[in-house]
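Structural overview
Letter by letter, the chains look like this.
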Amino acid sequence: MAATLYPPARNRPVRNTSGTMVEPTRGLIPHVQVGTGSLFGWFDSPASQVSAHLWLSKAGEFEQYVPFDRRAWAQAAGNPFWISVECEGYDSEDYTAIQVQRLGELFAWGMREFGWRPEITDSPNGHGLGTHRMGGAAWGGHSCPGNVRANRRGDILAAALGASPGGSLADPRQRYAGMPTLREGMSGPEVVTLQNALNIIFGHEAPTGDPYRLAPDGAYGARTTARVASLQRYATPWFGRIPEDGVCGPNTWRKIGYVLTGMNRQV
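Small disclaimer: the values here were computed from a predicted structure and weren't measured. (Residues numbered from 1 in each chain as written. Predicted model: local features only at pLDDT ≥ 70, side-chain atom pairs only at ≥ 80, totals over all residues. Heavy atoms only, no water.)

Re the packing of helix α5 (residues 189–201) against helix α7 (residues 250–263)
Note the threshold: Only C-alpha atoms enter the line fits that serve as axes; for helices the fit covers just the stretch in contact. Angles between N-to-C directions range over 0 to 180 degrees. Secondary structure elements are taken from DSSP: a helix is a run of H or I of four residues or more, a strand is a run of E of two residues or more, and numbering for both begins at the N terminus. Every angle not falling under 35 degrees, over 145, or within 65 to 115 is termed oblique; those three ranges are roughly parallel, roughly antiparallel and roughly perpendicular. If you view the pair so one helix is near and one far, a crossing is left-handed when the near helix is turned anticlockwise from the far one by less than a right angle, and right-handed when it is turned clockwise. Contacts are assigned to residue pairs with any non-hydrogen atoms lying within 4.5 Å of each other. When residues are sorted by character, Ala, Val, Leu, Ile, Met, Phe, Trp, Tyr, Cys and Pro go into the nonpolar class, Asp, Glu, Lys and Arg into the charged class, and all the rest, Gly among them, into the polar class.
Two elements in contact, α5 and α7, have axes whose closest approach is 11 Å; the angle formed by their N-to-C orientations is 45°. Taken together, the axis directions place α5 and α7 in an arrangement best described as oblique. Here the hand of the crossing between α5 and α7 comes out left-handed. For the pair formed by α5 and α7, the contact residues are E190, T193, L194, A197, I200 and I201 on the first element and W253, I256, V259, L260 and M263 on the second. Here the contact of α5 with α7 is built from residues that sort into nine nonpolar, one polar and one charged.

Examining helix α2 (residues 97–114)
For clarity, the cut-off: Here the expected length of a helix is defined as 1.5 Å per residue gap, with one fewer gap than residues. Throughout, exposure labels follow a simple rule: accessible area from a 1.4 Å probe, protein chains only, divided by the maximum for the residue type, with under 20% read as buried, over 50% as exposed, and the rest as partly exposed.
Here α2 is 18 residues long and its end C-alpha atoms lie 25 Å apart, about the 26 Å a rise of 1.5 Å per residue gives. For α2, a buried count of 15 out of 18 residues is recorded, marking the element as mostly surrounded by other parts of the structure. Directly beyond the C-terminal end of α2, a positive phi value near 75° is found at G115.

Examining the pairing of strand β7 (residues 82–87)
We count it as follows: Note on pairing: two strands pair once DSSP finds at least 2 bridges between them.
With six of six residues buried, β7 lies mostly within the body of the structure. A two-sided burial pattern is seen for β7, the buried positions comprising W82, S84 and E86 on one face and I83, V85 and C87 on the other. For strand β3 (residues 27–32) and β7, the ladder comprises six bridges, and the chain directions are parallel. Paired with L28 across the strands is I83, a residue of β7.

So this is what it looks like as structure tokens:
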């Protein structure tokens, strides 16, 4: 029996779903959100009449709203045949580097789990990586995800096939490859990802009552700097000490990926 949930995703079931999928599914449709922030509330509202199987944030974090054996309400006539993922951002802007990586990981998983073909298609009767717009009027007549993102399907497929420099992006230890270098004074969703990862690694996940927990506020301050330095000098069973400077660069992100994989944890 094929999997119904994507293991790295946070499972947040919504009400907007009906009917079963035609299996095996044909492939993946990455949609563009045209906005920011989790879509859980919108997709759980019967008034919206829309949903997707998954949502992918700019920071590379998945939420799952509909199990893969159920139809999401994402592309009308295409709903029974295609798995859908809404991607945070706008059709006028590119994916973040980590979104491309995450979509590659998802597609690689789908190739193994569902037998998705490693192809790019612009036909609703095709297989592989498609677009919402390829369905025309029967799929709602949308331009989603826009030219910029539609043209990145080759990069997503290359990531899925492990064709990117540095090895296979389907390796969960490499989950943070492509993340930006972060240092004190910076802010944004990538910092939130870092802070949550550090709380998991050091065992400070309780939302209240733990004075050592980093507030995941997206602000890279002195406490985050100190915690990154602690991680760098921490000789874990999965990754040894690295130079200590309090800056979260490529090697520190790599260490975080190895440690979380060793702990069998996701942010």
